[in-house]
Amino acid sequence: MTVKKFLLLSTLSLLFIPAFGNGYTPRVTIIATGGTIAGIAPSSAGTFYDPAQLTVGALMEQVPEIRSKASITGIQLCNIASQHMTTEIWIRLASVIDSLFSNDLCDGIVVTHGTDTMEETAFFLNLVVPHDKPVVLTGSMRPSNALGADGPANLYNAVCLAASPAARDKGVMAVMNDYIFAAAEFTKTHTVNPHAFESPGRGPLGIIRGGIPVFFRDPGPMHTVHSEFSIKHLHGTDLPPVGIVLSYAGASAVPVEALIASGVEGIVVAGVGHGNYSLEIEAAIPGIIARGVLIVRATRILCGGVASDVESPFEGQLTSGLLSPQKVRILLMVALTRYRDPDNLQRIIDGYQ
Ligand code: ASP
C-alpha cells in the first residue's frame, strides 16, 4: 500500500472530532508502533506482560483528556515490541510523518513507541524529518492495565507538547515521566522503573506541568529542518549497514571480524573509558581501516563521550563526541548515504550532537 493510501485509510477510520470554542484547535496525529504502552498483563500486580497488544484507538480511548487539547487522529504504523524495531520501519515512519506535514494534515505528531529503542527512533527521525513542527515520542514502563500504569499520563503530556506552539523547532523530542528530552541526548537508564530516561551530562530540555511545557534550553542546532539529511533523499531505500562491537577486559576481535565478513561499511566500537579497546581489538583496527571499513571510537560510559584527544590514537578513526554508540551508528548510516571521506563524516558527527 502506498504511504498516501495508508494515511487516508488510517486517518478516516480513527478521526476524533472534539467540541471546541472559536479559537484554533491544534491537530495532532498519534502514530502507534507498539511497546509496553500498548501492553497487557495477565495480572495488574504482576511483572510479566505482553507488549504491543492495544491498537491506537484503544490508546486514545484510555485518555479522553487529550481531546480537550487537540483534534486527534490515529494511525497504526505497526504493533511491535521496540526491541524488534528495524531500519525499514524507521524509513516508513519518517515517510508517513513527512507526508502528514507536507500535506498540512496536522500540526504535531506523537509517536507511541516501546522504550527499549525509543532513543534510536527519535534520533533517526531527528536527522531525516525535514519539518519544524513537533514530533514527540512517548511510551511507558508499565503495561496499560498495571497498577500505576504510566502510559496514560505520558500520552497526555506528549499530546500537550505536540499541540504546543512552544514546541516548534525544538527537534524531535521524547516525553517520559513529565520530562522533555532532546532526541540526540536522551537514553534509557533503568530497565523497569517509570523514571527510566535521562540525558546524561546535559539534563532534560524541559518539563511538563499541568499540560504546559516549560523549556529550560534549546537542543543542539542540527536537527530536522536544519539537518542536511532528509527522508526525501533516502528514496525509500535501506541504510548502509553499520555494526556495534563492545570492548571489555580481554575482549576478542572475533565479533569485529564477523561484522566485516557480513559486509558492514562501518563499525562503532563501544570502548571502555575514553574510547579505549582491548589489546586484540586495538591490534585489529589498522588492518580494518586499510580495508576501507570505517571505525568510530565510542564509549560504553554514559557521560563524557569520546573526543579526538584519546589515548593511543590510530590514524583514520572517527570519534563519537557525546553520542552514544547506538546513536553514532545511526548517524554514520545516514551520513554514508552522502559521504565516504573521514573529514566530512567527522564534521557530521561533531555537528549533530
Ligand atoms: N520491550 C518494551 C519495548 O521496548 C519495553 C517498553 O516499551 O518499555 O517495546
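Residues numbered from 1 in each chain as written. Predicted model: local features only at pLDDT ≥ 70, side-chain atom pairs only at ≥ 80, totals over all residues. Heavy atoms only, no water.

### Observations regarding the overall build of the protein chain
Where we set the bar: Numbering of helices and strands runs from the N terminus, with a helix taken as a DSSP run of H or I at least four residues long and a strand as a DSSP run of E at least two residues long. For a compact globule the rule gives 2.2 Å times the number of residues to the power 0.38, and the radius of gyration it is set against comes from C-alpha atoms. Only protein chains enter the accessibility calculation, which uses a 1.4 Å probe; a residue is then buried when its area is under 20% of its type maximum, exposed when over 50%, and partly exposed in between. In this description, contact between two residues means that some pair of their heavy atoms is separated by no more than 4.5 Å. All accessible areas in this document rest on Shrake-Rupley with a 1.4 Å probe, and a residue is counted as covered only by the protein chains that are shown. Working convention for charge: Lys and Arg count positive, Asp and Glu count negative, and His plus the chain ends are omitted. Positions of charges follow a simple convention, taking NZ of Lys, CZ of Arg, CG of Asp or CD of Glu.
Helix and strand counts for the protein chain stand at ten helices and 14 strands. Against the compact-globule benchmark of 20 Å for 353 residues, the protein chain has a radius of gyration of 21 Å, which places it among compact chains. Taking the principal axes of its C-alpha atoms as reference, the protein chain extends roughly 65 × 45 × 40 Å. The burial tally for the protein chain puts 55% of its 353 residues in the buried class. Long-range contacts, defined here as pairs at least 24 residues apart, represent 72% of the contacts in the protein chain between residues at least 6 apart. Accessible area of the protein chain: about 14500 Å², with a carbon and sulfur share of 57%. Distance between charge centres in the protein chain, computed from 23 positive and 29 negative side chains, equals 7 Å.

### A short note on the confidence of the model for the protein chain
Just so we agree on the cut-off: Confidence of the predictor at the level of single residues is captured by pLDDT, which takes values from 0 to 100.
Of all residues in the protein chain, 93% have pLDDT values of 70 or greater, and the mean over the chain is 93. With pLDDT under 50 throughout, residues 16-21 is counted as low confidence; its partners more than four residues away or in other chains account for 14 contacts.

### Remarks on the packing of helix H9 (residues 325-335) against helix H10 (residues 342-351)
For any two helices packed against each other, one specifies the inter-axial angle together with the distance between the axes. The test is simple: Here an axis means a line fitted to C-alpha atoms, over the contact stretch when the element is a helix, while the angle between two N-to-C directions is reported on a 0 to 180 degree scale. Relative orientations are named as follows: roughly parallel for angles under 35 degrees, roughly antiparallel for angles over 145 degrees, roughly perpendicular for angles from 65 to 115 degrees, and oblique for any other angle. Rotating anticlockwise by less than a right angle from the far helix to the near helix defines a left-handed crossing, while the corresponding clockwise rotation defines a right-handed one. Each residue is assigned to one of three groups, with Ala, Val, Leu, Ile, Met, Phe, Trp, Tyr, Cys and Pro labelled nonpolar, Asp, Glu, Lys and Arg labelled charged, and all others, Gly among them, labelled polar.
For the pair H9 and H10, interaxial distance at closest approach is 10 Å and the crossing angle is 135 degrees. Relative to H10, H9 is oriented oblique. The crossing of H9 and H10 is right-handed. Every residue of H10 that contacts H9 at Val328, Leu331, Leu332 and Ala335 is listed here: Leu345, Ile348 and Ile349. Across the contact of H9 with H10, the residue classes break down as seven nonpolar, no polar and no charged.

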